[in-house]
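Next come the chains, spelled out residue by residue.
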Amino acid sequence: MTIQEAQERVDAWIKQYGVRYFSELTNMAVLTEEVGEVARVISRRYGDQSCKPGDDLDLADELADVMWVVMCLANQTGIDLDAALERNFAKKTSRDSHRHLDNDKLKH
C-alpha cells in the first residue's frame with residue numbers, strides 16, 4: 001500500500017471506529033508516548049537494559065503505532081505524506097549528497 005492509501009485507511013478507520021481524531025496536541029502527546037515505546041523495545045533488545053517479566057518487545061508493532069499517529073496528524077492538518085516525503089528526499093539529496101560519503105567517522 002502507498003502512504004496515501006495508508007492515510008486514507010487511517011481516516012476511514014477513525015471515521016468508522018474512532019468517533020473523531022484526537023486534538024493535534026493530544027496526538028502529539030500520543031506520538032511522544034509511542035516513540036517512547038519504540039525506545040523501550042530498542043533499549044531492551046539492542047541495548048543494555050534487561051527485560052521485565054511480560055515485556056512485549058514487538059518492534060514492528062511499536063513502529064506501526066508511530067506511523068499510525070503520524071498519519072493521524074498528517075490527515076488532520078491536511079498534509080499529503082507522499083508529497084512531503086518526495087520533497088524530503090529532494091532536500092536531503094541536495095543537502096547531504098556528499099556529506100556522509102566524505103565523513104571519516106562513517107568509514108570504520
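Residues numbered from 1 in each chain as written. Predicted model: local features only at pLDDT ≥ 70, side-chain atom pairs only at ≥ 80, totals over all residues. Heavy atoms only, no water.

Section: the overall build of the protein chain
Helices and strands together make up the secondary structure of the protein chain, namely four helices and zero strands. Along the protein chain, helices (α) and strands (β) appear in the sequence α-α-α-α when read from the amino end. At 18 Å, the protein chain has a C-alpha radius of gyration far larger than the 13 Å of a compact globule built from 108 residues. On the principal axes, the C-alpha backbone points of the protein chain span a range of 50 × 45 × 25 Å. (Helix = DSSP H or I, 4+ residues; strand = E, 2+ residues; numbered from the N terminus. Rg over C-alpha atoms; globule rule 2.2 N^0.38 Å.)

Focus: the side chain of Glu-62
Inspection of the secondary structure assignment puts Glu-62 in helix α3 (residues 59–77). The contacts of Glu-62, once residues within four sequence positions are left out, are Glu-34, Glu-37, Val-38, Arg-40 and Val-41. (Contact = heavy atoms within 4.5 Å.)

Section: the nonpolar core
Val-30, Leu-31, Val-38, Val-41, Leu-57, Leu-59, Val-66, Val-69 and Leu-73 together form the largest nonpolar core, which totals nine residues. For this core, the secondary structure elements donating two or more residues are α2 (24–45) and α3. Those residues in contact with Val-69 that lie beyond four places of it in its chain are Asn-27, Val-30, Leu-31 and Glu-34. Counting residues in each nonpolar core, the second largest holds eight residues, with Val-10, Cys-72, Ala-74 and Leu-81 among its members. (Core = buried A, V, L, I, M, F, W, Y, C linked by side-chain atoms within 4.5 Å. Buried < 20%, exposed > 50% of the residue type's maximum accessible area, 1.4 Å probe, protein only.)

So, the packing of aromatic side chains
Tallied over the full model, the rule gives two aromatic pairs. Both rings, one in Trp-13 and one in Tyr-17, keep their centres 5.5 Å apart while their planes meet at 45°; by these two values the pair is tilted. Highlighted residues: Trp-13 and Tyr-17, both in helix α1 (residues 3–18), separated by four residues, approximately one helical turn. Exposure remark for Trp-13: the relative accessible area of 39% places this residue in the partly exposed category. Judged by its relative accessible area of 52%, Tyr-17 falls in the exposed class. Taking 5.3 Å as the distance between ring centres and 85° as the angle between the ring planes, the aromatic pair formed by Trp-13 and Trp-68 counts as edge-to-face. (Phe/Tyr/Trp six-rings, centres within 6.5 Å; stacked < 30°, edge-to-face > 60°.)

Observations concerning α2
The terminal C-alpha atoms of α2 lie 31 Å apart, and with 22 residues this matches the ideal 32 Å at 1.5 Å per residue to within 8%. Listed as buried for α2 are Asn-27, Val-30, Leu-31, Glu-34, Val-38, Val-41 and Arg-44. Viewed along the axis of α2, the buried residues span an arc of 160°, placing them on a single side of the element. In this structure, the buried residues of α2 make contact with α3. (Expected span 1.5 Å × (residues − 1). Arc of directions from axis to C-beta.)

Observations regarding a nonpolar patch on the surface
Among the surface-exposed residues, Trp-13, Tyr-17 and Trp-68 lie close enough to one another that they form a single nonpolar patch of about 340 Å² accessible area. Among the secondary structure elements, Trp-68 is positioned in helix α3. Owing to a relative accessible area of 31%, Trp-68 belongs among the partly exposed residues under this scheme. (Patch = residues over 30% accessible without salt bridge, like charges linked within 9 Å, V, L, I, M, F, W, Y side chains within 5 Å. Areas by Shrake-Rupley, 256 points an atom, 1.4 Å probe, with all protein chains shown as cover. Salt bridge = Lys/Arg side-chain N within 4 Å of Asp/Glu carboxyl O.)

A closer look at the pattern of salt bridges
Any two side chains of opposite charge can pair if their charged atoms end up close together. Considering all chains together, one arrives at six salt bridges under this definition. A salt bridge links Asp-11 to Lys-15; the nearest nitrogen and oxygen atoms lie 2.7 Å apart. Placement of the pair is Asp-11 and Lys-15 together in helix α1, with a separation of four residues, close to one helical turn. A salt bridge links Arg-95 to Asp-96; the nearest nitrogen and oxygen atoms lie 2.9 Å apart.

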